[in-house]
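Here is how the chains run, residue by residue.
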Amino acid sequence: MSTQKMKVLGFAGSLRKESYSRSLLREAIKLSPNEMEITEFDLNDIPMFNEDVEKQGDPTIVNEFKDAIRNSDALLIVTPEYNSGIPGVLKNALDWASRGGKDAPLLKKPVAIMGSTPGRAGTAQAQSQLRQTLSSTRSFVMVEPQVLISEVHKKFDKESQMTDEKTGQYVSRLLESLVKWVTCFK
Ligand SMILES: Cc1cc2nc3c(=O)[nH]c(=O)nc-3n(C[C@H](O)[C@H](O)[C@H](O)COP(=O)(O)O)c2cc1C
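Heads up: these notes are all about the structure in this document. None of these values were measured; they are calculated from a predicted model.

1. Focus on the overall build of the protein
When you go through the protein residue by residue, the secondary structure sums to six helices and six strands. Along its sequence from the N terminus, the protein presents helices and strands in the succession β-α-β-α-α-β-α-β-α-β-β-α. A compact globule built from 186 residues would reach a C-alpha radius of gyration of about 16 Å, and the protein, at 16 Å, matches this within 12%. A principal-axis box enclosing the C-alpha atoms of the protein has dimensions of 50 × 45 × 25 Å. For the protein, with 186 residues in total, the buried portion stands at 46%. In the protein, once contacts between residues fewer than 6 apart in sequence are set aside, the share between residues at least 24 apart is 76%. Carbon and sulfur atoms make up 46% of the accessible area of the protein, which totals about 10,100 Å². The average position of the 25 basic charges and that of the 24 acidic charges among the side chains of the protein differ by 4 Å.

What follows is the structure in structure tokens.
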């Protein structure tokens, strides 16, 4: 008998090719538990939010993004930290996905977050801001474990492969908790 895997949509708040956030997301994909399948969505083509454009109908890529969220059981968001907050590219994508009233894709969506930075504080301020935004969208953000990866440049090699065992363990623990978190809302 086959059981359906939990569908998780992952996206990183960085467009950089060699982004540590994307690398962390790709490690999460590799580390995902058997019962979970993580698919990456690239935020690169999401246009800047404009209510006038929205009034004429969401652009195709925005529709795809919103549908991908709706069709997932949970989100995995990986954020860098820009000027003590989340990057505009991530906030912009969340603003699009917050729209739609009772059908808003982010409404009641279980979400796990994590972040990485070459700095020492591991995206603490960005994650705090991300939680604030996701509270406004009435999403169900997982409380713990918190995954804040500091000095991330020491934890990946030049081929963007994770070299730090502990970081892998933190990510695995987050994903295992997400499996349980999602069942709270079924
Ligand atoms: C505009 C800008 C602002 C930044 N501000 C912060 C910051 O407040 N805190 C921090 O830890 N790192 C900061 N950084 C460094 C980023 O964490 C670092 O560039 C990181 O690698 C970006 O994520 P990515 O590797 O996923 O692209 C900043 C970088 C940029 C480009």
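Now that the structure has been shown, we can carry on.
2. Structural notes on the site of the ligand
Around the ligand sit Ser14, Arg16, Ser19, Tyr20, Ser21, Pro80, Glu81, Tyr82, Asn83, Ser84, Thr117 and Pro118, and that is every residue in its neighbourhood. Within the contact set of the ligand, an oxygen atom lies 2.9 Å away from a backbone nitrogen or oxygen of Tyr20. Between an oxygen atom of the ligand and a main-chain N or O atom of Ser84, the distance comes to 2.8 Å. Protein coverage of the free-state accessible area of the ligand, which is 620 Å², stands at 67%. Of the residues contributing to the shell around the ligand, the split by class is four nonpolar, six polar and two charged.

3. Observations regarding helix α6 (residues 165–183)
End to end, α6 covers 28 Å across 19 residues, agreeing with the expected 27 Å (1.5 Å per residue, within 8%). What α6 keeps buried is the set Thr167, Gly168, Val171, Ser172, Leu174, Leu175, Leu178, Val179, Trp181 and Val182.

The rules behind the values
Numbers given for residues are sequential positions, taken from 1 along each chain in its written order. At least 70 in pLDDT is required for a residue's local features to be given in this predicted model, at least 80 for side-chain atom pairs to be given and counted, and no such filter applies to totals for whole chains, interfaces and linings, which use all residues. Calculated side-chain values reflect all of the structure's heavy atoms, with hydrogen atoms and water omitted. Helical segments are the DSSP runs of H or I of at least four residues, strand segments are the runs of E of at least two, and each set is numbered from the N terminus. The size measure is the radius of gyration over C-alpha atoms, and the globule rule it meets is 2.2 Å times the number of residues to the 0.38 power. Each residue is assigned to one of three classes by its accessible area relative to the maximum for its type, calculated with a 1.4 Å probe on protein chains only: buried under 20%, partly exposed between the two thresholds, exposed over 50%. We call two residues contacting when some pair of their heavy atoms lies within 4.5 Å. Note on areas: Shrake-Rupley, 1.4 Å probe, and residue coverage restricted to the protein chains presented here. Positive: Lys, Arg. Negative: Asp, Glu. His and the chain ends are not part of the count. To locate a charge, the coordinates of NZ of Lys, CZ of Arg, CG of Asp or CD of Glu are taken. One heavy atom suffices: a residue is near a molecule or strand as soon as one of its heavy atoms comes within 4 Å of it. Polar contact is the term for a pair of N or O atoms within 3.5 Å; when the atoms are in protein, one must be able to donate a hydrogen and the other to accept it, and sequence-neighboring residues count only if both atoms are side-chain atoms. Residues were grouped as follows: Ala, Val, Leu, Ile, Met, Phe, Trp, Tyr, Cys and Pro as nonpolar; Asp, Glu, Lys and Arg as charged; and all remaining residues, including Gly, as polar. By definition here, a helix of n residues has an expected span of 1.5 Å times n minus one.

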